[in-house]
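# Overview (structure and organization)
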Amino acid sequence: MEKLEVEGGIRLQGEVTISGAKNAALPIMVASILNSGESIIHNVPSLRDIATMGSLLSRLGVGFQKEGDKVSLHTGNINSIEAPYDLVKTMRASVLVLGPLLARMGRAKVSLPGGCAIGARPINLHIMGLKKMGAEVTLSEGYIEASAKRLKGAQIYFDIPTVTGTENLMMAAVLAEGETVLENSACEPEVVDLANALISMGARIEGAGTSYIRINGVASLKPLEYRIISDRIETATFMLASAITGGSVAIKGGRPENVEPVIMKLRETGIDIIQEEGKIVVNGRQRPLSVDIKTMPYPGFPTDMQAQFMALMAVSDGTSFITENIFENRFMHVAEMKRMGADIRVEGSTATVRGVETLTGAPVMATDLRASVSLVLAGLAAQGKTVIDRLYHLDRGYEKIEDKLIPLGARVRRFK
Ligand code: EPU
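Keep in mind the model is a prediction, meaning the values are calculated, not measured.

Rules used throughout
Residues numbered from 1 in each chain as written. Predicted model: local features only at pLDDT ≥ 70, side-chain atom pairs only at ≥ 80, totals over all residues. Heavy atoms only, no water. Buried < 20%, exposed > 50% of the residue type's maximum accessible area, 1.4 Å probe, protein only. Helix = DSSP H or I, 4+ residues; strand = E, 2+ residues; numbered from the N terminus. Contact = heavy atoms within 4.5 Å. Pairing = 2+ DSSP bridges. Salt bridge = Lys/Arg side-chain N within 4 Å of Asp/Glu carboxyl O. Axes fitted to C-alpha atoms, helices over the stretch in contact; angles between N-to-C directions. Parallel < 35°, antiparallel > 145°, perpendicular 65-115°, else oblique. Left-handed = near helix turned anticlockwise from the far one by under 90°. Nonpolar A, V, L, I, M, F, W, Y, C, P; charged D, E, K, R; others polar. Expected span 1.5 Å × (residues − 1). Near = heavy atom within 4 Å. Polar contact = N/O pair within 3.5 Å; in protein donor to acceptor, adjacent residues only side chain to side chain. Areas by Shrake-Rupley, 256 points an atom, 1.4 Å probe, with all protein chains shown as cover. Domains from an automatic or database assignment.

Here we come to helix α4 (residues 98–105). If you check which residues of α4 are buried, you get Leu98, Gly99, Pro100, Leu101 and Leu102. Buried-residue contacts for α4 involve α1 (22–31), β7 (107–111), α5 (124–132), β9 (143–147) and α6 (163–173).

As structure tokens, then:
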């Protein structure tokens, strides 16, 4: 199993370019199955999750090719309607095929994802919405089986704004008969990017980016040619890498408007952030001040940045309260950070982080994608060497992280 060795204590300096957004690329790749031509997607990052989605689409009969950051999808010959357990268990985003398969093929069979490292993560709201649109949905032997001759527009209210739930139902609704309204829908930039991609295929969608989305079904869609937005979580992660090392890094290609809560919170810690044309420059300081964060759906502070921000607070000057409101078990990184000398206590959904002067390198274990990168950040700030095990978690969501960190001066090394 691959590991990453990080030698800490070096101020990062230089420029880094952000890749395309994983969580936008995944649903947009799936959206291609809503038509039967050849779709092209640009700026797709080279990640394990993208490869997994490629495998899933291939199993459905899609011709999938990736060359550099360009993905081609031939969707003329869908010959399976099944997302099997072995793929769904490695990547929950596989459930995104449910809505589009149902819309295009009238049937879908998708393994029900189990719980995962960060929480129970049910998909009851996806199913509720499809039922409202007239689908018959049954659960048997761990699989959700859904069928509908043609889905019908419906008024759907989400108890909780769900990102992939909103995406699944948006993709189901674009080919449905009549109007669908999604209320209390997720407002994340990845939802907007999917809506823009669907609109470029001829879909009629209004209100994406707000909590009220209206979709008018059309009879057919044309193939997709689209460029994915940059990854806001990768952008914010590199902002934190600069901050935690007291460095000075210019982040190119990230959209500041999509990382506003992280910029605001970093400024509260005393870190200097300059927004220039096409760049976000983050100048760290000796010891950041401690601030509190509460994760919230967009435009609140992203849960996908909670672990990375905790690494920064672990070396801050003061005490910080970090509250996780989205997932019930997203503090798996705490035990690992404690092994590096962090002073953190968790009670319910809040972690109390008392900043220490310095962390020390230690062998640690990655438990999920964002937890693993938070340990890389902690390692960059620590004295001595940190070795992060189970690196496959990191590779799911960060494109060649060492190739991006080394030019900034970091001493990192991947080994088996
Ligand atoms: N929820 C339900 N029922 C549902 C759906 C969601 O109760 O039917 C709950 C979840 O359990 C959670 C909350 O609603 O408590 C929000 O979950 P959401 O559905 O929005 O999460 P998701 O769509 O499964 C996406 C991202 C995650 C990111 C979350 C929150 C993708 C592929 N994944 O997950 O990204 O953390 O939104 O922003 O878009 C990551 O990239 O590391 C990652 C985990």
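And the narrative resumes.
This next bit is on the pairing of strand β8 (residues 136–140). Summarising the sheet, β8 and β9 pair through five bridges and their orientation is antiparallel. Among the inter-strand pairings, Leu139 is bridged to a residue of β9, identified as Ile144. Counted between consecutive antiparallel strands, the loop separating β8 from β9 contains two residues, among which Glu141 sits at a positive phi close to 50 degrees.

This brings us to the pattern of salt bridges. Considering all chains together, one arrives at 18 salt bridges under this definition. The partner of Asp395 in a salt bridge is Arg414, with the nearest N and O atoms 2.9 Å apart. Here Asp395 is found in helix α13 (residues 392–395), whereas its partner Arg414 is found in strand β24 (residues 411–415), with 19 residues between them in sequence. Salt bridges sharing common partners tie together Glu2, Asp395, Glu402 and Arg414.

Contact geometry for helix α11 (residues 332–339) and helix α12 (residues 369–381): axes closest at 9 Å, N-to-C directions at 20 degrees. As judged from the angle between their axes, α11 and α12 are roughly parallel. Remark: the crossing between α11 and α12 carries right-handed chirality. Where α11 abuts α12, its residues His333, Glu336 and Met337 lie against Ala371, Ser374 and Leu375. Here the contact of α11 with α12 is composed, by residue class, of three nonpolar, two polar and one charged.

This paragraph deals with helix α2 (residues 48–59). Side chains that are three or four residues apart share a direction in an α-helix, a result of its 3.6 residues per turn. Over its twelve residues, α2 runs 17 Å from end to end, which matches the ideal 16 Å to within 8%, given 1.5 Å per residue. Within α2, the full set of buried residues consists of Asp49, Ile50, Thr52, Met53, Gly54, Leu56 and Leu57. Residues of α2 that are buried in the fold lie against α1, β4 (63–67), β5 (70–74), β6 (82–83) and α3 (85–88). Looking one or two places after α2, you find Gly61, whose phi comes out positive at around 110 degrees.

A separate point is the site of the ligand. Residues in close proximity to the ligand total 21 residues, the closest being Leu125, Thr162, Thr164, Asp304 and Ile326. Side-chain polar atom of Asn124 to a nitrogen atom of the ligand: 2.7 Å apart, as the coordinates give it. Between Ile326 and the ligand, the recorded distance is 2.6 Å, taken from a backbone N or O atom to an oxygen atom. Calculation on the ligand without its partners gives an accessible area of 830 Å², and the protein chains cover 88% of this total. Breaking the shell around the ligand down by element, the ones donating at least two residues are α1, α5, α6 and α12. Here the element with the most residues in the shell around the ligand is α5; it accounts for three residues. Looking at the shell around the ligand, its residues break down into ten nonpolar, six polar and five charged. Residues from two domains meet in the shell around the ligand; each of domain 1 (3–19 + 230–415) and domain 2 (22–227) gives at least three.

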